[in-house]
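# Structure at a glance
The primary structure of each chain is shown beneath.
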Amino acid sequence: MTSLPNRHALEAQALDHLWLHSNDLEWNELIEGGLRVFVEGRGSTLIDVNGKEYIDGLAGLFVVAAGHGRAEIGEAMAEQAGKIAYTAASNAANPAAIKLAAKIASLTPGDLDRIFLCSGGSEAVESAMKIAKQVQVMRGFGKRYKIIARRGSYHGTTFGAASLTGSASEKYFGPFMAGVSKVPNPNHYRNDFGLEGEAGDIMCARYVEQEILNQGPEHVAAVIGEPISVANGTHLPSPVYWQMLRDICDKYGVLLIMDEVITGWGRTGKVFAAEHYGVVPDIMTMAKGLSSGYAPVAAVAVRSSIFDDFRPDGRALGHLITFGGHAVAAAAALKNIEILERENLVERSAEMGTYLFELAQELRSHPTVGDVRGGKGLLCAIDFVKSKETREAWGTSHPFIKQLALRTQEEGLVTRVWDVLHLAPPFVLTHSEAERAIEIVDRCLTEAEAKFAAEIG
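Here the residue numbers are simple positions, counted from 1 along each chain's written sequence. Local features in this predicted model are restricted to residues of pLDDT 70 or higher, and side-chain atom pairs are both shown and tallied only at a pLDDT of 80 or more, whereas totals for entire chains, interfaces and linings draw on every residue. Based on all heavy atoms of the structure, the side-chain values leave hydrogens and waters out of the count.

## Remarks on unusual backbone geometry
Keep in mind that most residues, glycine aside, have a negative phi and that most peptide bonds are trans. With an omega of 0°, the peptide bond between Gly174 and Pro175 qualifies as cis. Among the secondary structure elements, Pro175 is positioned in the loop between helix H7 (159-164) and strand S6 (180-183). Within the chain, Thr234 stands out as a residue other than glycine whose phi angle is a positive 55°. Put simply, DSSP H or I for four residues or longer makes a helix, DSSP E for two residues or longer makes a strand, and each gets a number counted from the N terminus. Tracing the chain through its elements places Thr234 in the loop between strand S7 (220-225) and helix H9 (239-252). For every residue, the accessible area obtained with a 1.4 Å probe (protein chains only) is divided by the maximum for its type, and the residue is called buried under 20%, exposed over 50%, and partly exposed between those limits. Here Thr234 falls in the buried class, since its relative accessible area comes to 0%. In this structure, Lys288 is a non-glycine residue whose phi angle is positive, near 25°. Relative to the helices and strands, Lys288 is located in the loop between strand S9 (283-286) and strand S10 (298-303).

## Remarks on the environment of Phe357
Position of Phe357 among the secondary structure elements: in helix H13 (residues 345-360). Taking the C-alpha atoms as reference, Phe357 lies 27 Å from Thr165; in sequence the two are 192 residues apart. In what follows, a contact means two residues having at least one pair of non-hydrogen atoms within 4.5 Å. Look past the residues within four positions of Phe357 in its chain and what remains in contact with it is Val372, Arg373, Gly374, Gly375 and Cys380.

## Topic: the pattern of salt bridges
Any Lys or Arg side-chain nitrogen found within 4 Å of a carboxyl oxygen on Asp or Glu counts as a salt bridge. Enumeration according to the criterion identifies 26 salt bridges in this entry. Residue Lys83 pairs with Glu79 through a salt bridge whose shortest N-O separation is 3.5 Å. Of this pair, Lys83 and Glu79 are both found in helix H4 (residues 71-83), four residues apart, which corresponds to roughly one turn of the helix. In terms of burial, Lys83 and Glu79 fall into one category: exposed. Here Arg246 and Asp250 are joined by a salt bridge, their closest N and O atoms 2.8 Å apart. Placement of both Arg246 and Asp250 in helix H9 is noted, with a separation of four residues, approximately one turn of the helix.

Next comes the structure, spelled out in structure tokens:
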């Protein structure tokens, strides 16, 4: 075992054997103090192995909606496991999965009432792609295999999902899946067309139509996008953008996929972010907040008109997930949804999101804060720049950003700091926790600005 002075045995053991999934911090930064081993959680608070408390400013990874320490979710899972934990999703079902599918269908917009259950967000995106491609073939469009995604988007890390992800690098894993093209992402701060607000969004939507025409409508199966692109810096498009996309997809027979893996289940102050835009997609993915992280579970919701194409000759979807419809995971999701509804936590996300966003506006006084975005639920992004005039970003590997990432954690705020600092805490966040989170960012930002003053324009 690695010999590290003043290090808890669990931390040392993790560095010896556990392969962490993220590359937010380099290995030497984890060794020097970036690694945290959390052993307990209560509400929006995390407690590490040394007894130190932190505000969970990222809800794990945009996941823990109902908050940490919900014993009743664990009890529901244990009760289900004591009855039956697993049935094969290909030819059987269980009561928990059936009830979860019905519950999801009762809450999704429009006629998104056929539910394909799986284990995580990447799987949901893979499943959505396959559904879109297969139904196009079944409708007689055998050449419709291409997918249009957006630059800077995030749709997961499995091969197909990574192929759609705008920020994915082909350095190690390329070439990615054929037939994927990328279009501009709505961005009110650094718009690809140099336009402000809704005008830029309209150009982004028109670009999608041009790309469909460029690829040939007879070759395009679907367009995919996050209602609000969190990974791209939490940019909130105007309603007209999504309404135009809906019309464009209908015009050319292209399916519209909304990826609500992050935004679904109350994160934006609505059960689904699609509700903000008055648009019903053909296919919707969801995960994260579906169980608040208490179990790995995800789903794809599909419109009746798509599922109906499978009915006439009984053709099955040529795709399955071993743990799709897992009974214990479904029980966790059902209890989580019950809590969200019973405690009005979606409404609380809207209320606390507004409060956190208003507090964050105070950070605009810093010379390195170029923009503060959010205002829909508990999604807030603070955009760091070297110069407010040029809007030049620091780059995620710059020591200024690295210092912020480490110092905010040392001060008791767990979050993600790239060129943008994300704040997306659990919906049970209190007013005092919101205030403390912004105070920590303010203080750590002041320290970093003093250290790198010579580089700030």
